[in-house]
Amino acid sequence: SQCCSKQRDQKRHSDKMAPPSRLANILRQRGEISCEQLDHLLAVAGFQSQREAVLSALDPQGTGKIDPDTLLRWLYPSKEDEHSNSTANMMSPRGENGAWGVEHVERMKELMGEEKTYLQDALSEFRQMAQQLAEDFLSRGKNPQAEAFIEQVCVEKILVGCIFVGHVKTDLDSVAGALGAACLWCGVATRAEREFNGEITYALKFAGLEAPPYFDDVPGAVLPDALGKLLPVCLVDHNEEKQMVESLRKDPNRSKRICGLIDH
């Protein structure tokens, strides 16, 4: 009976310290967390003078970013973390020399749980909106109005097979727009910058889509393709020269290559 009691105590301790799987998955999918975002949560949780100490513990290199696993380890420390006498003790619930209280960490867990709920609610709402839009688009495609018929005859054929590219300072609109347009007109979706933000990474992973290639890397974009041709280009989510991908902006023949523009 003593053995069973000990096992139950160990299980309760394990359940208490292990991070909720949904929260862990959301944080890891989001990627790095900015110190500015965490500082706001710390203030709400009741960390006043201790906020600097917490941020220093979680981001000792001063990068301004915090790894999700580091944050989870601080919220849900292991036994080793709790009993460590080394500098790793900064990761324990009380911090080094009791720099903050357990009640503060518990409040942080509650706030992170609330954030998880808000995120799940938002995802559900946007999923419903996307489904409604998709059904509306399909309905309009089957029953086009006069304006859509004229557009289809006079414009859409021009876009078939071209390269679709968004603007620099790439955001989700420009990437999603290029992907959608390329699918509609059997073209090639590209992005205007090699690096993009966590929102785009999360959305692509959630949708099960590969990131579009960088514009300059696509045959026919900057250098001729296998047939010795440069492909026509459709701008997505921008209409100003300064917003264009650099190689296209500097192309002296760009006015002849740009065949369309999709903006809002």
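Just so we're clear, the structure is a prediction, and the values are computed from it rather than from any experiment. Throughout this document, residue positions are counted from 1 along each chain, in the order its sequence is written. For this predicted model, a pLDDT threshold of at least 70 governs which residues receive local features, and a threshold of 80 or more governs which side-chain atom pairs are given and counted, while totals over whole chains, interfaces and linings are taken from all residues. Only heavy atoms go into the side-chain values, all of them from the structure, while hydrogens and water stay out.

**Comments concerning the packing of helix α9 (residues 172-184) against helix α10 (residues 198-207)**
Alright, step 1. Interaxial angles span 0 to 180 degrees and are taken between N-to-C directions of axes, which are lines fitted to C-alpha atoms, for helices over the stretch in contact. A helix here means a DSSP run of H or I that spans at least four residues, while a strand means a run of E at least two residues long, and both kinds are numbered starting from the N terminus. The contact between α9 and α10 brings their axes to 9 Å, and the two run at 35°. Here L172, V175 and L179 of α9 lie close against α10, whose contacting residues are E199, I200, A203 and L204. Contact criterion: two residues are considered in contact whenever any of their non-hydrogen atoms come within 4.5 Å of each other.

**Quick notes on the sheet that holds strand β5 (residues 233-236)**
Think of a sheet as strands paired side by side through backbone hydrogen bonds, with each pair either parallel or antiparallel.
Alright, step 1. Spatially, β4-β3-β5-β6 is the arrangement adopted by the four strands of the open sheet, whose pairing is parallel. The outermost strands of the open sheet, each flanked by one partner alone, are β4 (188-190) and β6 (258-262). Taking each pair of neighbouring strands and ignoring which way they run, the sheet shows an average axis angle of 25°.
Alright, step 2. Being paired, for any two strands, means DSSP has found at least two bridges between them. As defined by bridge partners, β5 adjoins β6 across four bridges and the pair is classed as parallel. Looking across to β6, one finds that V233 is bridged to I258.
Alright, step 3. Sheet strands in contact with α9 are β3 (163-165), β4, β5 and β6, and its direction is about 175° off that of β4.

**So, the confidence of the model for the protein**
Alright, step 1. Here the protein averages 76 in pLDDT, while 63% of its residues score no lower than 70.
Alright, step 2. pLDDT expresses how confident the predictor is about each individual residue, on a scale running from 0 to 100. In this model residues 1-17 is a low-confidence stretch, pLDDT under 50, and it forms seven contacts with partners more than four residues away in sequence or in other chains.
Alright, step 3. With pLDDT under 50 throughout, residues 85-100 is counted as low confidence; its partners more than four residues away or in other chains account for 40 contacts.

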